[in-house]
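# Commentary on secondary and tertiary structure
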Amino acid sequence: LKISNFGGLAMSLPTDLVEYLTAGGDDRLLIDSQTGLNKYRVCAVARPGAVIRSSSTASPVTLETEKTGFEVVQGLVSNPSDYERLVGDVAQRLRAAWSLESDTAVSLVASGTDAELLPLMLGVTRAQAIREDEEEGGDVLTILTAAGEVGCHTVAAASGKVFSKIVPSSCSIGEEAAIEPPVVGSNVFPLFGSVAAIDVPLRDEITGTLIPPEAMDAKVVRIVETAVASKQYKAILVHLVVGCKTGHCVPSINCVQRLAASHPEVIVVVDACQMRGLRSLSMRRFLDLNFVVITTGSKFYGGPAFSGAVLFPQKFASELEHLLSSSEACRSCVSNSALSHYLDATLTSSALPVLRSLLPSRPNYGLVVRWQMALGNIEKYHSIAEEQREQIIASWVSSVRQMIRDGPECLGLLEKQADENVADLATSGPIQVFGIGLPRTGTHSLAEGLKLIGYRGMNSCVLTRSKVKHVPRSKKVFGKFDVDNAHFRQYQKLFQDNPTSKFIVTTREMDAWKKSVSRWDEQNKDRDDLDDIPENIDQYLDEVTQYFVHARASHQLLVVDMFKMKDEELWNRLMDFLLPSDEPRPFSSSEPFPRAVVQVSGQLTQGGEVQKDQGQFTSVNDAELLPGQINTIIPVTLSKRTRIPQKKTPLAEPRNERLHLDELHRVHLLLALDCSGFAPKIPELGASDVQVLATQCHIAQPVSLNLTQWSRSAFIGVLRIVLGAHNVIKAVEQSQEVKDILADDELVIRKLTLILDNWDTTSAWSVSQP
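Source: prediction; values computed, not measured.

### Some thoughts on the overall build of the protein
Scanning the protein from terminus to terminus reveals 24 helices and 24 strands. Against the compact-globule benchmark of 27 Å for 770 residues, the protein has a radius of gyration of 28 Å, which places it among compact chains. Principal-axis analysis of the C-alpha atoms gives the protein an extent of 85 × 75 × 50 Å. Across the 770 residues that make up the protein, the buried fraction comes to 57%. The long-range fraction of contacts in the protein, counting pairs at least 24 apart against all pairs at least 6 apart in sequence, stands at 74%. Side-chain charges of the protein comprise 77 positive and 92 negative groups, with the mean position of each set lying 4 Å from the other.

See the structure below:
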């Protein structure tokens with residue numbers, strides 16, 4: 001140990017990396033002495049040779065990530081005062097990786113669960129300020145969607161309850177005296193009182209089937225509107241879950257956008273802790289929409305467990321600071337809360353100086369080490385071209401799902417109603433494309449672009465009554481298109497009649513669009529067939545997007561803005577959307593995008609330069625259409641093969657039975673252990689089977705999809721095989737084919753099969769055995 005100085009205090013820091021990886025969190029990080037695993041069933045250090053498919057809960061770190069951890073610890077031991085620089089480094093590198101503004105308020109917290117307390121604090125202080133001025137009202141409501149498929153303590157944390165007897169302050173490195181944690185179940189904000197919480201489940205609790213998206217949205221809307229009408233709730237936190245435990249996104253982003261625009265009480269909280277299924281600009285898009293975002297570096301990214309962060313948009317960072325600076329009651333509510341056990345000034349964004357002044361300066365060395373370790377995967381993953389990442393993901397998901405379909409009887413996939421996955425919806429053969437943008441949004445240019453890519457079709461304009469036929473020069477034709485800016489009248493029927501087709505919406509900024517359309521007023525003043533053109537292009541886009549999300553077809557919709565997107569981005573988006581993944585690009589995306597414009601005179605002109613809006617822009621592709629991304633979480637149903645004694649015969653014929661929740665947990669634990677030495681032995685095992693049993697396989701924890709009170713024949717529970725960022729990185733860095741990644745998945749399936757097909761033996765194993 002090296003004695004140094006931090007903040008004027010003598011500081012003695014340990015040199016063991018494991019101490020940092022298990023400190024500054026809660027009981028979920030503690031290592032079981034018998035298994036060497038924590039509550040996530042992973043160990044704190046790297047396991048060479050282990051299979052890692054567990055990134056929707058937690059993953060063992062890789063050797064490279066572990067090396068980074070050792071280096072960071074060595075630096076801190078030599079110079080503990082480097083801690084604050086490391087905190088700033090994490091925030092800066094996250095902004096760069098996620099394309100965020102340089103002043104985005106990034107605060108670090110121990111976990112995604114603890115992260116709930118920051119947006120809740122905003123709601124509490126807002127309501128507390130109202131209580132000072134009004135006799136009635138001033139309560140807070142939290143609406144939690146995908147209930148049962150988010151973190152196990154999310155409901156408690158989001159409603160302001162202490163959820164663990166171990167808190168970051170009570171297990172931090174460098175504390176000379178033990179800090180007494182708050183009582184489990186007590187209010188985090190005792191001066192404010194309780195916070196109301198309403199759960200909105202993702203599934204029917206009886207059958208386990210997914211609730212339709214439109215029904216989910218409608219329920220959230222009814223809850224919010226009822227709360228607003230009561231005039232009791234001055235802060236309504238609506239949770240938008242982007243990737244629950246089975247990978248789904250609820251409610252729709254269009255739904256929460258409208259709620260926030262209509263009701264100033266609403267604060268949208270994006271639970272992006274999974275960090276899967278996102279596009280390069282998704283995090284920036286959420287902040288552009290004024291959503292608070294909670295996230296982690298430990299799920300999809302594969303960093304050490306308990307690496308959480310909260311991103312505040314400027315609007316809410318300013319509001320929180322104003323409330324705290326102008327209201328003594330708000331400051332007292334925070335300073336007399338239990339927040340000091342979860343947050344500290346050193347980890348809170350410098351954009352929140354008043355909040356920092358109310359918090360203790362108690363460094364969480366473990367958290368900073370974990371985040372530094374997570375950053376390596378984050379930066380490497382985002383340095384890979386989005387197209388390449390998505391190709392690897394799509395191929396892996398399709399292959400593993402097919403592997404399970406063709407595999408042993410003991411494994412299965414959920415029915416479609418319980419597990420929608422875009423990977424199962426791929427179609428072959430020529431593609432039909434419909435352009436459904438409004439007039440004056442670049443529909444003529446879109447048609448020219450589709451022709452160059454290799455599509456043939458017709459382009460029609462409602463303003464000019466023109467029709468232009470397009471025939472590609474390329475030998476290979478990928479499909480047909482029908483671009484018609486009058487399709488706003490019938491896009492829903494077009495989809496119903498052509499459910500496997502693809503749709504493209506061209507759009508543009510509202511004022512510029514209105515000005516462009518108005519140029520045709522004089523030309524068409526005597527026409528009576530144009531009155532139904534939508535007056536609000538943003539509203540039209542919102543309606544189209546919501547329709548496709550509700551139809552579970554957002555993967556069949558693309559939105560392009562000819563006036564904002566650079567030519568290279570336009571080509572990349574169109575070719576990714578329209579060409580088969582194994583099809584070579586017909587030309588480079590650096591080629592200029594064609595421009596075709598119909599003048600008021602009726603003349604079609606081609607060529608010329610489009611004046612693009614400057615800056616970095618996000619679009620509905622980056623957030624609203626995320627449900628169309630391929631789900632990298634594959635839920636797997638399990639059944640055990642057992643012989644049940646009967647009255648007349650001592651041993652019955654073997655039969656397969658579903659596993660109940662406690663049995664799923666047991667299988668999950670056995671997968672993570674070396675089972676080759678367990679007794680009793682499985683009869684007639686070959687050497688290769690012994691090696692399979694010896695392999696430590698980490699997959700994601702069990703999830704109950706319906707009531708756990710059901711008997712095993714009615715209960716539906718799953719384990720999950722999950723792809724993580726480190727798998728994608730490895731495939732790229734080692735120039736692996738997806739088939740090389742799949743070798744690990746085959747091993748997982750073999751080990752599962754050995755455990756399940758020999759249940760009468762494996763159920764007798766004791767995990768305490770070596």
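### What to know about the side chain of D561
By the element assignment, D561 lies in the loop between β18 (557–560) and α19 (567–578). For the buried D561, which has no salt bridge, the nearest side chain bearing the opposite charge is K564, at an N-O separation of 4.7 Å. Within the local environment of D561, its side chain forms a polar contact with the backbone nitrogen of K564, the two atoms lying 3.2 Å apart. Among residues more than four places away in sequence, those in contact with D561 are T507, R508, E509 and L570.

### What to know about the pattern of salt bridges
Here the structure, examined in full by the defined rule, presents 37 salt bridges. For the salt bridge of R279 with E386, the shortest nitrogen-to-oxygen distance reads 3.0 Å. Taken together, the residues span a long stretch of sequence, with R279 in the loop between β9 (266–272) and α9 (282–288) and E386 in helix α14 (residues 386–405) at a distance of 107 residues. A salt bridge links R285 to E624, with the shortest nitrogen-to-oxygen separation between them at 2.8 Å. Of this pair, R285 sits in helix α9 while E624 sits in the loop between β20 (604–606) and β21 (633–642); the two residues are 339 residues apart in sequence, bridging distant segments of the chain. E624 matches R285 in its accessibility class, with the two residues each being buried. Salt bridges sharing partners connect three or more residues here, namely R279, E386, R389 and E390.

### A closer look at the nonpolar core
Judged by nonpolar contacts, the single largest core of 128 residues is most densely connected at W98, F286, W396, L638 and V667. For F286, the contacting residues outside a window of four places in its chain are V242, I253, V270, L278, F291, V293, A623 and L626.

### Description of the packing of aromatic side chains
Considering all chains together, one arrives at 17 aromatic pairs under this definition. Ring centres of F495 and F548 lie 5.4 Å apart, and the angle between their planes is 65 degrees; this geometry places the pair in the edge-to-face category. With F495 in helix α16 (residues 491–497) and F548 in helix α18 (residues 537–550), this residue pair connects regions lying 53 residues apart in the sequence. For F495, a relative accessible area of 10% corresponds to the buried category. Relative to F587, the ring of W571 has its centre 4.7 Å away and its plane inclined at 80 degrees; by these criteria the two rings are edge-to-face. Within this pair, whereas W571 is found in helix α19, its partner F587 is found in the loop between α19 and β19 (596–598), the two being separated by 16 residues in sequence. With relative accessibility at 0%, the residue W571 sits in the buried group. Here the aromatic cluster, defined as three or more aromatic residues joined through ring pairs, consists of F434, Y491, F495, F503, Y540, Y547 and F548. Positioned above the aromatic ring of F192, the side-chain terminus of R131 is 3.8 Å from the ring centre.

### Structural notes on helix α5 (residues 117–133)
Helical geometry note: an α-helix holds 3.6 residues per turn, so side chains three or four residues apart project in the same direction. Its 17 residues place the ends of α5 25 Å apart at the C-alpha level, agreeing with the 24 Å of an ideal helix rising 1.5 Å per residue. Most of α5 sits inside the fold, with 13 of its 17 residues counted as buried.

### A word on the sheet that holds strand β15 (residues 466–470)
Within a sheet, each strand pairs with its neighbour through backbone hydrogen bonds, oriented either parallel or antiparallel. Strand order across the open sheet formed by six strands is β15-β14-β16-β13-β17-β18, with mixed pairing between neighbours. The two strands at the open ends of the sheet, each matched to only one other strand, are β15 and β18. For this sheet, the mean inter-axis angle between neighbouring strands, taken without regard to orientation, is 15 degrees. With five bridges connecting them, strand β13 (residues 431–435) and strand β16 (residues 479–484) associate as parallel partners. Counted as the bridge partner of G435 is V483 from β16. Strand contacts of α18: β17 (502–506) and β18, with the helix running at about 155 degrees to β18, the strand carrying the most contacts. Helix-sheet contacts for α19 involve β13, β14 (455–461), β17 and β18, and the interaxial angle to β17 is about 160 degrees.

### Description of the pairing of β15
Successive residues of a regular strand alternate their side chains across the two faces of the sheet. Where β14 meets β15, five bridges bridge the pair, whose relative direction is antiparallel. Pairing of M458 across the sheet is with K469, part of β15.

### Describing the confidence of the model for the protein
Chain-level statistics for the protein give a pLDDT mean of 91 and a share of 94% at 70 or above. pLDDT under 50 marks residues 1–10. Its contacts with residues more than four places away, or in other chains, come to 28 contacts.

### With respect to the side chain of S169
Within the element layout of this structure, S169 appears in the loop between α6 (154–158) and β6 (196–201). Here H341 takes part through its side chain, which lies 2.7 Å from a polar atom of the side chain of S169.

### Thoughts on the packing of helix α20 (residues 661–672) against helix α23 (residues 738–757)
Contact geometry of α20 with α23 gives a least axis separation of 11 Å together with a crossing angle of 130 degrees. As far as their axial angle goes, α23 and α20 are oblique. Relative to α23, α20 is oriented so that their crossing is right-handed. Across from V667, L670 and L671 in α20, the residues of α23 making contact are K751, L752, I755 and L756. Its residues placed into classes, the contact of α20 with α23 shows six nonpolar, no polar and one charged.

Analysis parameters
- Residues numbered from 1 in each chain as written.
- Predicted model: local features only at pLDDT ≥ 70, side-chain atom pairs only at ≥ 80, totals over all residues.
- Heavy atoms only, no water.
- Helix = DSSP H or I, 4+ residues; strand = E, 2+ residues; numbered from the N terminus.
- Rg over C-alpha atoms; globule rule 2.2 N^0.38 Å.
- Buried < 20%, exposed > 50% of the residue type's maximum accessible area, 1.4 Å probe, protein only.
- Contact = heavy atoms within 4.5 Å.
- Lys, Arg positive; Asp, Glu negative; His and termini not counted.
- Charge placed at Lys NZ, Arg CZ, Asp CG, Glu CD.
- Salt bridge = Lys/Arg side-chain N within 4 Å of Asp/Glu carboxyl O.
- Polar contact = N/O pair within 3.5 Å; in protein donor to acceptor, adjacent residues only side chain to side chain.
- Core = buried A, V, L, I, M, F, W, Y, C linked by side-chain atoms within 4.5 Å.
- Phe/Tyr/Trp six-rings, centres within 6.5 Å; stacked < 30°, edge-to-face > 60°.
- Lys NZ or Arg CZ within 6 Å of the ring centre and 35° of its normal.
- Expected span 1.5 Å × (residues − 1).
- Pairing = 2+ DSSP bridges.
- Axes fitted to C-alpha atoms, helices over the stretch in contact; angles between N-to-C directions.
- pLDDT = per-residue confidence, 0-100.
- Parallel < 35°, antiparallel > 145°, perpendicular 65-115°, else oblique.
- Left-handed = near helix turned anticlockwise from the far one by under 90°.
- Nonpolar A, V, L, I, M, F, W, Y, C, P; charged D, E, K, R; others polar.

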